[in-house]
Structures are given as structure tokens and as C-alpha cells.
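# Examination of the molecular architecture
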Amino acid sequence: FDEKKDKWRILRVLKLIIYLKNKRFDTVFFIQRSFTRIFLCFLARIPERIGYRRLKTYPLLTKTISPPASTVHRQNYYLELFRKNGIPIKNTIPRILPPESKIKHYTFFVRNLKKKYSCIAGINPSANWKLKRWPAKNFSALAQELSAKFNCAVFLFGTRKDCGIAEEVVKGCSEQIYNFCGKTDLNGLIALLSFVDVFISADSGPAHLVSALNKPTIVIFGPTSEEITAPRGLKTETLRMHNSCSLPCYVLDCPDNVCMKMVKVEDVLSKVKKLINHELQNPDKFSYKHR
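Bear in mind that the values here come from a model prediction, so they are computed numbers and not experimental data.

### Here we look at empty space enclosed by the protein
Under the definition given, this model contains one cavity of 30 Å³ or more. As a volume, the largest cavity reaches approximately 50 Å³. Phe30, Gln32, Arg33, Ile38, Gly51, Tyr52, Arg54, Thr57 and Leu61 together form the lining of the largest cavity. Residue composition of the lining of the largest cavity, by class: four nonpolar, three polar and two charged.

### Focus on the pairing of strand β8 (residues 217-220)
The side chains of a regular strand alternate between both faces of the sheet. Side-chain alternation along β8 places Thr217 and Val219 on one buried face and Ile218 and Ile220 on a second face that is also buried. Here strand β7 (residues 198-202) runs beside β8; their pairing, made up of four bridges, is parallel. Paired with Ala202 across the strands is Ile220, a residue of β8. Handedness of the crossover joining β7 and β8 through helix α8 (residues 205-212): right-handed.

### Comments concerning the nonpolar core
Within the largest apolar cluster, 32 residues are counted, with the highest numbers of intra-cluster contacts made by Trp134, Leu142, Leu146, Ile200, Val268 and Val272. Elements represented by at least two residues in this core include exactly β4 (119-124), α5 (136-150), β5 (152-156), α6 (163-171), β7, β8, α10 (258-261) and α11 (265-281). Those residues within four positions of Leu146 in sequence are excluded, and the remaining contacts are Ala121, Ile123, Asn151, Cys152, Val154, Ile200, Leu269 and Val272. Of all hydrophobic cores here, the second largest spans 22 residues; its members include Ile103, Leu113, Tyr117 and Leu209.

### As for a nonpolar patch on the surface
Nonpolar side chains collect at one region of the surface, where Ile10, Leu11, Leu14 and Ile18 lie side by side and expose about 450 Å² of accessible area between them. Assignment of secondary structure puts Ile10 in helix α1 (residues 10-23).

### Some details on the pattern of salt bridges
Pairing is possible between side chains of opposite charge, provided their charged atoms come close. All chains considered together, the criterion is met by eight salt bridges. For Lys102, the salt bridge is made with Asp185, and the minimal N-O distance between the two is 3.4 Å. Of the two residues, Lys102 sits in helix α4 (residues 100-114) while Asp185 sits in the loop between β6 (177-179) and α7 (186-193), which places them 83 residues apart along the sequence. A relative accessible area of 40% places Asp185 in the partly exposed class. Its salt-bridge partner being Arg240, residue Glu226 comes within 2.2 Å of it at the nearest N-O pair. With Glu226 in helix α9 (residues 226-229) and Arg240 in the loop between β9 (236-239) and α10, the pair connects residues that are 14 residues apart, well separated along the chain. Take Glu226 and Arg240: they sit in the same class, and that class is buried. Here the residues in one salt-bridge network are Glu80, Arg83 and Lys84, joined through shared partners.

The rules behind each value
- Residues numbered from 1 in each chain as written.
- Predicted model: local features only at pLDDT ≥ 70, side-chain atom pairs only at ≥ 80, totals over all residues.
- Heavy atoms only, no water.
- 1 Å grid on protein atoms, 1.4 Å probe; cavity = no way out; pocket = protein on both sides within 12 Å on 5 of 7 lines; lining within 4 Å.
- Points joined across faces, edges and corners; volume = space filled by probe spheres on them.
- Nonpolar A, V, L, I, M, F, W, Y, C, P; charged D, E, K, R; others polar.
- Buried < 20%, exposed > 50% of the residue type's maximum accessible area, 1.4 Å probe, protein only.
- Helix = DSSP H or I, 4+ residues; strand = E, 2+ residues; numbered from the N terminus.
- Pairing = 2+ DSSP bridges.
- Right-handed = clockwise from strand over helix to strand, strands pointing away.
- Core = buried A, V, L, I, M, F, W, Y, C linked by side-chain atoms within 4.5 Å.
- Contact = heavy atoms within 4.5 Å.
- Patch = residues over 30% accessible without salt bridge, like charges linked within 9 Å, V, L, I, M, F, W, Y side chains within 5 Å.
- Areas by Shrake-Rupley, 256 points an atom, 1.4 Å probe, with all protein chains shown as cover.
- Salt bridge = Lys/Arg side-chain N within 4 Å of Asp/Glu carboxyl O.

Okay, structure coming up:
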């Protein structure tokens, strides 16, 4: 159900309501403040509807919880809803496993690469809004250095809409880059990410995926807050250069994007070296092992 499009299609709405009703759910938790989702579950007559207290949705919920008073990590914000309802949270470190069928699909390709390269570095050069993006020329220089200094095969990731940025990165680097931008589905992306030895990204979805695969991950932060949205993997490090700006900042028409431009290629390479060396000295028994 596409909330942005399907809520205007009566037949799609009715079909979803009937589907939910036939499932005979007892309880629904609303971790986000979507009026549409709450209204649909109200119409489906799910008996217990629990969410954060909000004037617009208050009449449609059977139980409301006061949201956390201070700024907290988004994960804590969501999980608090369950804690307040007596559900214990045993582990807050996300874990995912790649699908075996997709692993088999890429295994032969990766095995051949590892005969030539010492390691695999993944790069995600895009983000869902422009000000979170590190300049493409920086990613090109980074790919060049990763190849030259660490003998890394460089994998480039992104969605179809990121292909233009990916092409900029490829054109700016004289070393070979394996460009998977727009060429995988979600399962394929997770499988390929499971092969990387280090991953560098802006504040984005793929950074959370590779972090949950327990891979060394470097997330470059600019205008957004690592305290609120940073991935929570055990091998994840954030990188930001503080300046006179007040952060987090959501000024979408910022003229210079200085918070991202202040991060230099050398800063990222220093983190990469530290993470790779640590990984070689402290192999993790919980990481996904390819057979």
C-alpha cells in the first residue's frame, strides 16, 4: 500500500481495510505519526490501537503514550512506545542476514575479484536530500586512494535516481569502479553489502543496512544529527567536522553546504585504515560468513 498514492484510490483503500479486518489483529502500534495509517486501522476495527499522543489522532487511538521529552535517537523514540506498554527490549543492535539465493548469485564474481584485490570497499555517494551528500569529486578521490593504498575493489551503490551522481564518481576516478547503482533490488543490495570489508556513506538507508550486517561502516554527517539518526552497528563510526553553524540544520537552501565540504578525503582514509586494521586483528564471530 503506497500511502502517498493509494490513499486516493478508493478500491485500494477498501481492499486494504478488508485485508486488515480479515487478519483479525488484536493490537496495532503506530511508531510514526501517520493519520492515514491510524485511520485505516480504525476503519478496520482493530480493537487496540496504540500510539504517541497527538491532537489530530487522539480520538482514533484506544491508548496514547506521551512521547519522550528530550531529543533522543530515532530508534529509542520508536522503542519507547513498546517499553511503555510492558514489552521488554532485549537487544537494540540491529541484525540482518542476506538471502542465500542472492549470495550464491554473486559468490563466483566476488571470489574472482578477491584473487586480484586485498579487500572490497563499498561506497554510497548519494542521500535522500542534496545537503547530506559529500561532493562527488571527493568520492572519486576516495575511490582512487582506496584502490591505490589498500588494493581495494570499489563497489558503488545507489538507486536508479542516483545513477547521475554515480557516473560523476566513476568519471572522476582513473581506477576501475564496479558500479551497481540502480542494478540491484533490495535483496541483491543486501547480498552485495555482505561482501564488503568497509563501507563509506552519507547519512542514508544503505549505511543502516551494512551496519546491521556488522560490517565496518563510516557515515559522513553534515547537517543532520548523528545523535538522532546514526546507524547503531557495533562497527559503525561517524565522521563530522564541526563549524560555526548550529547543528542539526535543515536549511534546504544553504548556499555553501560547508558542513559537508569541511570533511576531507584524508579524514575518511584515516578512519578506513583504523577500521580495516581493527577488523583484521579482531574478527567477529557474529559476522555473516560466506561459504
